[in-house]
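Examining the three-dimensional arrangement
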Amino acid sequence: MSDADSSDRPDIQEPRLWQDARWTAQVIKNEDDEGWAVAMTLSGQAEPALVGPWTMGRDKKNPKPLDINAFNTLVKTASEVLRRHEQQLHAQLHQSLRVTVGDASIEVRLDIVPDEDEPYALLSAHDEMGERLAEVKVRPGFKLNRASATAWIEAEFERPR
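Residues numbered from 1 in each chain as written. Predicted model: local features only at pLDDT ≥ 70, side-chain atom pairs only at ≥ 80, totals over all residues. Heavy atoms only, no water.

1. Examining a negative patch on the surface
How we decide: Note that patches include only residues with greater than 30% relative accessible area and no salt bridge, and the join distances are 9 Å for like charges and 5 Å for nonpolar side chains (Val, Leu, Ile, Met, Phe, Trp, Tyr). Residue burial considers only the protein chains on display, and all accessible areas are found by Shrake-Rupley using a 1.4 Å probe. Throughout this description, the term salt bridge denotes a Lys or Arg side-chain nitrogen within 4 Å of a carboxyl oxygen of Asp or Glu. The convention is simple: Lys and Arg are positive, Asp and Glu are negative, and His and the chain ends are not counted. For charged residues, the charge sits on one atom: NZ in Lys, CZ in Arg, CG in Asp, CD in Glu. Runs of E in the DSSP output that reach at least two residues are strands. Runs of H or I that reach at least four are helices, and both are numbered from the N terminus. Relative accessible area decides the class of each residue, using a 1.4 Å probe on protein chains only: under 20% of the type maximum gives buried, over 50% gives exposed, and in between gives partly exposed.
A surface patch of negative charge is lined by Glu31, Asp32, Asp33 and Glu34. By secondary structure assignment, the location of glutamate 31 is in the loop between β3 (23–29) and β4 (36–42). Using a relative accessible area of 72% as the deciding quantity, one classes glutamate 31 as exposed.

2. Quick word on the pattern of salt bridges
Evaluation of the coordinates by the stated rule reveals 5 salt bridges. For arginine 109, the salt bridge identified is with glutamate 107, shortest N-O distance 3.1 Å. For glutamate 107, a relative accessible area of 18% translates into the label buried. The salt bridge involving arginine 161 is made with glutamate 158; its shortest N-O contact spans 3.4 Å. On the basis of relative accessible area, arginine 161 is assigned to the exposed category, the value being 83%. A residue is classified by how much of its surface remains accessible, and glutamate 158, at 48% relative accessible area, is partly exposed. Three or more residues joined by partner-sharing salt bridges are found here, namely Glu80, Arg83 and Arg84.

Set out below in structure tokens:
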């Protein structure tokens, strides 16, 4: 669903389904036990960003109805889950460290490009001013550490094997 479509969608505020322009909260039967769960799904996504337990109502059979406070808390929690996931993915795809070789302090970066057909990584070196000194294409499984960075610099930025 595009952003234009989602902004045209009316808000829904039902006991087991709350929806705004960005998020949908749906209370569902927990298949693992006799309780209930709530799924938070971002507009346009097929899978929920968050699924968690939901409180039973006073009759101990049906779920507690959603309300504005619960929905806002769920949106905040699901947004945080997505933010942490994005940070983790960024950390996996972009690494850097600074090494000193001779009198020079050089930042070495490894940026993985997760192409479905041919993934690769770019290994680059930058001086203290941020100027790129060298860049080579390496395999995506290249291990960046102090030893590999120093060896690459000392080999005058020749592509590592």
